[in-house]
Amino acid sequence: MTASTGPVTLPRQAEAAPIGGRILTKPFRFFLFFLAIGSLLIFYRLATGLGRITAMNDGYPWGLWIAFDVVTGTALACGGYAVALLVYVLNKGKYHPVVRAAVLTSALGYTLAGIGVALDIGRWWNIWRVPVFFWRWNLNSVLLEVALCIMAYTFVLWIELSPAFLEKARTAGTPKIREIADRLLPIVNRSLLWIIALGVLLPTMHQSSLGALMLIAGPRLHPLWNTGWLPLLFLLSCIGMGYAAVVFEAALSAWMFNREPEREMLAGLGRAIIPFIAAYLVLRLTDLVVRGQLGALFAFDLYSIMSLIEFALFIGAVVLLSSDARRRRLGSLFRAAMLLMFAGSLYRFDTYLVAFRPGAQWSYFPSVGEILITFGLVSGEILAYILIIKLFPILTLEKHSWRESPSTP
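Residues numbered from 1 in each chain as written. Predicted model: local features only at pLDDT ≥ 70, side-chain atom pairs only at ≥ 80, totals over all residues. Heavy atoms only, no water.

I'm lost on the environment of Leu46 in this one. Help?
Here Leu46 is to be found in helix H1 (residues 26-48). Each C-alpha atom, one on Leu46 and one on Asp120, is 9.9 Å from the other, the two residues being 74 residues apart in sequence. Apart from residues no more than four positions distant in its own chain, Leu46 is found in contact with Leu119 and Trp124. (Helix = DSSP H or I, 4+ residues; strand = E, 2+ residues; numbered from the N terminus. Contact = heavy atoms within 4.5 Å.)

Shown next as structure tokens:
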């Protein structure tokens, strides 16, 4: 990591400002409705247990909440991690304008993952014992490392985002709040170098561990996914998904709020995706060849078809990003980002649910309650994002009708 003798600063973030505007719009009320339904079902699940609302069983001890909310959700929330690698490790300062937005989506995504973990625990009322009774930790458990890293990284992300809240407090708070913010902001800025270093380390650990976790399934994991390279494959794909999520969020927010997107910067992020996904594809194909599983890849059964769809989506994203001209077109970037996010999500979903075969006597499909709770949690994440960018300085406010730009397809 590039050292610094002074506080870590985000040069372009001085231009950030709240988006403003009305809060209770029609889309906001739409997501608020599903958040309310999800919240009611969460209370019902906590009161009655897992069996009354989920389709999980002894063969499938985890389901949608872990496969999507945690394993997939944290990968899609790796934008802050991926951008930190560029800005603070590779010293690419031109990507500073997306730091806060990337960190915000990561903080919300990891908070959602933490809620998902809590929901999936049978005796949820004992969750406070995990950080407190550290002498009882099972140090041989991959799940322990994942749980501790996710908890720590969520905390780190909100600290990284705290300057935005403190800047708002300095201008809109009471005199006492302004005084506290004036004292805290320099302290936070001086500490950011070490906070960011921890923020780079923790996702590297737990994203690879999420892949390592499925190695304990042994022969119950289908050979197309069962490889000792799972930790590295999970790590490589999550970095690509993180960049894709940043591009997706930047393009979508530019469209929704009529802002001019940072075209050159987003094109650079598109270029940064290519080596990670190319390495993922080469490693996965080489592994299949070495283990003699190419025949299984073209068996055209359920597992083969799911794998081929994964490969097609990853390759399609790389093709869209391979040309400098296409990377400069916002439409191509947006489509590539969507393909990559879906490809990485499908890879994780397949690994944790589709490829996991506990036995012919077991089957699993998420219940309506599980689906509604997941939709409610995602709705809550979207609502929090809208609320924060409208009230706090996260995004820049360059107004421009980019939809009419001739370079936009």
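How do you make sense of the pattern of salt bridges when you look at a structure like this?
Pairing of side chains with opposite charge becomes possible as their charged atoms draw close. Per the stated rule, a full pass over the model turns up nine salt bridges. Between Arg183 and Glu179 there is a salt bridge, and its shortest N-O distance comes to 2.8 Å. Note that Arg183 and Glu179 are positioned in helix H7 (residues 175-213) at a spacing of four residues, about one turn of the helix. Since its relative accessible area comes to 34%, Glu179 is described here as partly exposed. Across the salt bridge formed by Asp324 and Arg271, the nearest N and O atoms sit 4.0 Å from each other. In this pair, Asp324 sits in helix H12 (residues 324-327) while Arg271 sits in helix H9 (residues 263-290), placing the two residues 53 residues apart along the sequence. Looking at Arg271, the relative accessible area reads 38%, which means it is partly exposed. Several salt bridges converge on common partners, so that one network encompasses Glu264, Arg271, Asp324, Arg327 and Arg328. (Salt bridge = Lys/Arg side-chain N within 4 Å of Asp/Glu carboxyl O. Buried < 20%, exposed > 50% of the residue type's maximum accessible area, 1.4 Å probe, protein only.)

Looking at this structure, how should I read the packing of aromatic side chains?
Both the distance between ring centres and the angle between the ring planes are used here to describe each pair of aromatic rings. Enumeration according to the criterion identifies 19 aromatic pairs in this entry. A network of ring pairs unites the aromatic residues Trp62, Phe234, Tyr280, Phe314, Tyr347 and Tyr352 as a single cluster. Directly above the aromatic system of Phe234 lies the positively charged group of Arg348, at a separation of 4.6 Å from the ring centroid. Geometry around Tyr303 places Arg357 over its ring, the cationic atom sitting 5.7 Å from the centre. (Phe/Tyr/Trp six-rings, centres within 6.5 Å; stacked < 30°, edge-to-face > 60°. Lys NZ or Arg CZ within 6 Å of the ring centre and 35° of its normal.)

Interpretation note: all reported values are geometric properties and have no functional meaning in isolation.
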